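Here are the chains, one letter per residue:
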Amino acid sequence: MLANPVADGEPSPSLNPSSVQAIITFAAGRGGRVDGKPNNNCAPDKLVEATRSFGKTSRIPMLWIYAENDTYFGPDLAKRMHEAFTAVGGNAELRVFPSFGSDGHFFIGAAEAIPIWSRPVGRFLDEHQ
């Protein structure tokens, strides 16, 4: 299992390493908050197209985790990326959790969020052992 296998902010599931059974990403993307402005992605359409490209070859089951109030990659953009990824054969489950704190982008790093995301992550891991 890989958790947030990113290179410069982009997941690399298209490599399909045989030793990897599942991938979990937390608020994955690239180009969020340009000039420090919330919900200001530099090229959301290009991000969606890059995600579509990854989905063409990626076959490893993935769990994508976002929060409603993520100001880097909000739920609308996460849904667009997920739709593009899965439309071409990518295998991903999208989970958008309720708003958390002042910016859900940091949801995964908050100790108080562990009880919220640990059960769905545990179920996903159990399914893909």
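Just so it is clear, the model here is predicted, and its values are computed rather than measured. (Residues numbered from 1 in each chain as written. Predicted model: local features only at pLDDT ≥ 70, side-chain atom pairs only at ≥ 80, totals over all residues. Heavy atoms only, no water.)

K.L.:
Is there a simple way to think about the pattern of salt bridges in this case?
P.N.:
Opposite charge on two side chains permits pairing when their charged atoms draw close. The tally for this structure, following the rule as stated, stands at two salt bridges. A salt bridge links Asp45 to Arg80; its shortest N-O distance comes to 2.6 Å. Note that Asp45 is positioned in helix α1 (residues 44-57) and Arg80 in helix α2 (residues 75-87), a separation of 35 residues in sequence. A relative accessible area of 35% places Arg80 in the partly exposed class. Arg52 serves as the salt-bridge partner of Glu49, at 3.2 Å between the closest nitrogen and oxygen. (Salt bridge = Lys/Arg side-chain N within 4 Å of Asp/Glu carboxyl O. Helix = DSSP H or I, 4+ residues; strand = E, 2+ residues; numbered from the N terminus. Buried < 20%, exposed > 50% of the residue type's maximum accessible area, 1.4 Å probe, protein only.)

K.L.:
Just checking my understanding: could you explain the confidence of the model for the protein for this structure?
P.N.:
Caution applies to low-pLDDT regions: their predicted coordinates should not be interpreted in detail. Across the protein, the average pLDDT comes to 87, with 87% of residues at or above 70. Looking across the protein, the model is least confident in strand β2 (residues 6-7), with a mean pLDDT of 45, and most confident in strand β6 (residues 92-97), with 97. For the stretch residues 5-11, pLDDT sits under 50, and the model shows 15 contacts to residues farther than four places along the chain or on other chains. (pLDDT = per-residue confidence, 0-100. Contact = heavy atoms within 4.5 Å.)

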